[in-house]
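# Examination of the molecular architecture
The primary structure of each chain is shown beneath.
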Amino acid sequence: DKSKYVILGKLREQMVAALPTLRKSTDQLLSKVCSSASSFDPEKYEQGILAYLALDGKLMSNLTKEQLGKIAQSSSYDTGLAARSISAAYIGSIDSLPEKIQRTFINLSEQAFRKALIAFLEGWENNKEKDTKNLEQKPGLTVAQARGMSLEQLSERVVVPGISRPSLIACMCSAFETICDLLHNHFLVMQWHADPLSKESRDPSYLHRKIDQESELKQNTKEGIDPKMFAKLISVHRSLRLSRRYVWGAVQSQLGLVLKGRACQYPNLKLQSFHQLIELVDVLCNVGKAYAGDTYVLETRAMIREICKAYIQGFHNDCVESLRNLLKRESWQKLNVSLESFGGMEGLVERGRRRHLAGLRSLEYSLVPSTGITVGGIWSMHDYETNSNPFSVALKLAIKNTPITDVPADNELDHIPEQDGARSDTPSNGSSRFVYTTTVVNCLARDVGRYLTVMEKLPLVSADTLGKLQQLYNEFLCVLLTNFVPMYLLQIVFDQPGSSLGKDYQLLRQYITLNQSSLTADNSKTMLLDNNGQMKSQIPKRNVVLNIGLDNLEASYAIAARIVAGESLLFAYAMLEHIKGRVEVILPPVERAKTLQHIYDDMKAVMNQTRQLIFKAVAKILIYSLSGENVKRTNPENFIKNGVASTKWRKGNARPKVSSEYVKDILFRARKVWAKLKRESNDGKNYPLSLLSELWNLCVEEVLDQLLEAYATAEHCDIQGRAQMLYDTNSIYTGIENVAPVIEEALKSKKKIESYLKAFFMDRTEDVDDWIKRNGRDYEQYMLAKLNRK
């Protein structure tokens, strides 16, 4: 009967039209089962699988090849499959189930992160009227706009606008809770396919069993199920095991988008919140390790490390900018407040730590213990049934501990006012061990505590943070070096490495040169070019100009300011030494052995050399300012050289009996230098009295060094003239000792002159050459050349 075939044909056409709808309904059931936050329902999942079997089996067997092609054209799945032959497998049921499950879980994980960011925005909109301080701040977009954005767009646009309840950490914890459930559900789906359609697979305890060997997979068939179809169900287990790395890779990529987004960058997210977030991410990594294996989580941990490094770079940039701003306003006067009034060095360190962690109920507040997984701990998917979701309790704690008031910005300083420090009634007799300024206390010492806190909170990048602290100190050191050391001295140190001064400060020059790249971009080397376009100077650029009249060398202020600046370097290093024990505990063993001592040794050496160079500048300025010469001249040794040059050194056979005329001038100025040093100390209020001896001896060394240079350049000098020079040297040294005591270092300068002058008395060339080999390093080349031409 033809009417029967007509009816069957219509039924087939209706089936062609209904199959996409049936398949879509089955896909929705699969998605719903997989995304169940409470628990995976194996019975509902089994219903979905039976529906797929029906689609792949009995229903498909009644369709023609032409009708199967029409269904294929209406398929919303991966068009890359179109190259395959049209068969039941192409329809997108059992054979494509692993791919479908993978896509489902990846989409659900992205939804979880999007939901977290949108919930954060909703929290801000619901509470913005209560947020009086940040009322004018805006988060960058509205909730309505956010709902239509991808995760990547959301990450770029969402910022922390002030107070938002729930907090970003609570929202991220909620996302991690969902991700953890999704990974667990994927694990259970995989476990179900190891023994599909069995009564045992409906029991959650059975699904949490360990399957170590491929031979344990059930290979038998089930009554009423096509053996080929049943074998495909078993093969899904193998495919899902392989697809775990792709699912986790997608979670990692989505997590990276959020953590690299504006909301998680410094200073939008405070350190304590970032620390909590990274700890929770570490817990998620442990879940991922249990889910996909350690190999695939290593890449995630490397990504987290780079994100932490980017966060501390933002923190470091903020500290550098704050330091520069304070240095520009610094008066460079000794802060006459006792260290004990701050609670000692520990008090200063803790002061920085308290400001960095302000606004939290506890400095040690952490969400990790509530997860049941320690940082770096071990957790297993097989334990999920008894231990539950590790983020569930943490989420409740995160919501409960959302701050009610604003958290102060990390760079909001707890200042010690400059005037209060300058006018302090605290008695000071100049016997304090350290000299420090307002900037050193308010910024540098405080930042030591802040960097220490970052190392404690982010141990993963503790070595990088220590390196950033070193860079902050380099910034401080460079500002002092380029402002308090006159340009003509810097030119000798950096551009004349073969000179005596260049050799003395070789370590400082090499350190500054090697660390130029670690300083900020605008602190590149000064590029002074000659007429041929060739670089002729290696002096570091003065990227912070201190407008305190340092170029006026006659100003007594220039002397006191330089002394205070030089001494502040010692206090700055003492702060580093104070935290060394704690830094040693925080650093990983490998970094501890490779980095710690190297950094401390370098910092101690270069800070001491910078201090010495600043003090050497003080000695030159003192002698120069009392020389009566024009202060604008670039050569501060004029009065000594002029005195020596004006003396007749051709004595014939006359032996020296009295000192030359210039000796009296030098001793007169030496007495004025000593008097000025005592006067400028102001009984220890401007700088400690204990520095008087050191500064005096540097001045003596400077006089003797200039005297040596003057003797070496003296013209028309015979042997008796050299004898007169020896006599004058002894007279000058004895006279200086009568002004104030001289230490051993100054005596070395005297002996250096005597050794050089006595070399002129050597008759044999071999003796002169031998002397040069033994002592040549201590003298300039032009001095040695003068010996060869005697």
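This text follows the structure it describes.
Quick look at the structure, then. (Residues numbered from 1 in each chain as written. Predicted model: local features only at pLDDT ≥ 70, side-chain atom pairs only at ≥ 80, totals over all residues. Heavy atoms only, no water.)

With that settled, consider the environment of Asn547. Tracing the sequence through the fold places Asn547 in the loop between helix 21 (506-514) and helix 22 (556-578). On a C-alpha basis, the gap between Asn547 and Glu330 in space is 9.3 Å, while along the polypeptide they are 217 residues apart. (Helix = DSSP H or I, 4+ residues; strand = E, 2+ residues; numbered from the N terminus.)

We now examine the pattern of salt bridges. Between side chains of opposite charge, a pair can form as their charged atoms come close. On inspection of all chains with the given rule, the structure shows 22 salt bridges. The residue Arg202 makes a salt bridge to Glu46 at a minimum N-O spacing of 3.0 Å. With Arg202 in the loop between helix 7 (168-192) and helix 8 (204-207) and Glu46 in helix 2 (residues 42-61), the pair connects residues that are 156 residues apart, well separated along the chain. The buried category is assigned to Glu46, whose relative accessible area is 8%. For Arg446, the salt bridge is made with Asp447, and the minimal N-O distance between the two is 2.8 Å. Asp447 carries the same exposure label as Arg446, and that label is buried. In this structure, a network of salt bridges that share partners links the residues Lys616, Lys620, Glu702 and Asp705. (Salt bridge = Lys/Arg side-chain N within 4 Å of Asp/Glu carboxyl O. Buried < 20%, exposed > 50% of the residue type's maximum accessible area, 1.4 Å probe, protein only.)

Looking now at the packing of helix 17 (residues 438-457) against helix 18 (residues 462-484). Remark: helix 17 packs on helix 18, axes separated minimally by 9 Å, with the N-to-C direction vectors making an angle of 165°. Classed by the angle they form, the pair helix 17 and helix 18 counts as roughly antiparallel. For the pair helix 17 and helix 18, the sense of crossing is right-handed. Of helix 18, the residues touching helix 17 (which contributes Val440, Leu444, Asp447, Val448, Tyr451, Val454 and Met455) are Ser462, Thr465, Leu466, Lys468, Leu469, Leu472, Tyr473 and Phe476. For the contact of helix 17 with helix 18, a count of residues per class yields eleven nonpolar, two polar and two charged. (Axes fitted to C-alpha atoms, helices over the stretch in contact; angles between N-to-C directions. Parallel < 35°, antiparallel > 145°, perpendicular 65-115°, else oblique. Left-handed = near helix turned anticlockwise from the far one by under 90°. Contact = heavy atoms within 4.5 Å. Nonpolar A, V, L, I, M, F, W, Y, C, P; charged D, E, K, R; others polar.)

Once that is clear, we can look at the side chain of Arg611. With respect to the element layout, Arg611 can be found in helix 24 (residues 589-625). If we skip the residues at most four places from it in the chain, Arg611 touches Gly566, Glu567, Leu569, Leu570, Leu691 and Glu694.

For the structure shown, the criterion picks out five cavities of 30 Å³ or more. Approximately 70 Å³ is the volume found for the largest cavity. Lining the largest cavity we find Ile623, Phe639, Ile666, Arg669, Ala670, Val673, Trp696, Cys699, Val700, Val703 and Ile736. Where the lining of the largest cavity is concerned, the elements lending two or more residues are helix 26 (661-681) and helix 27 (691-713). (1 Å grid on protein atoms, 1.4 Å probe; cavity = no way out; pocket = protein on both sides within 12 Å on 5 of 7 lines; lining within 4 Å. Points joined across faces, edges and corners; volume = space filled by probe spheres on them.)

One pass over the full model with this rule turns up 19 aromatic pairs. Ring plane angle 70° and centroid distance 6.4 Å describe the contact between Tyr573 and Tyr600, whose orientation is recorded as edge-to-face. Residue Tyr573 is found in helix 22, and its partner Tyr600 is found in helix 24; the two are separated by 27 residues along the sequence. Ring centres of Tyr756 and Phe760 lie 5.2 Å apart, and the angle between their planes is 90°; on these two criteria the pair is classed as edge-to-face. (Phe/Tyr/Trp six-rings, centres within 6.5 Å; stacked < 30°, edge-to-face > 60°.)

Turning our eyes to something else, we now look at unusual backbone geometry. Looking along the chain, the bond that leaves Tyr266 and enters Pro267 is cis, with omega of 5°. If you trace the backbone, Pro267 turns up in the loop between helix 9 (227-259) and helix 10 (271-292). Of note, Leu197 is a non-glycine position whose phi angle comes to about 65°, a positive value. By the element assignment, Leu197 lies in the loop between helix 7 and helix 8. Phi at Trp332 is positive, roughly 55°, even though this residue is not glycine. Tracing the sequence through the fold places Trp332 in the loop between helix 11 (294-329) and helix 12 (344-356).

Moving on: helix 29 (residues 744-759). Taking 1.5 Å per residue, 16 residues should reach 22 Å; helix 29 reaches 23 Å between its end C-alpha atoms and fits that length. Ala746, Ser749, Lys750, Ile753, Glu754, Tyr756, Leu757 and Ala759 are the residues of helix 29 that are buried. Looking at the packing, one finds that the buried side of helix 29 touches helix 27, helix 28 (719-739), helix 30 (765-775) and helix 31 (781-788). (Expected span 1.5 Å × (residues − 1).)

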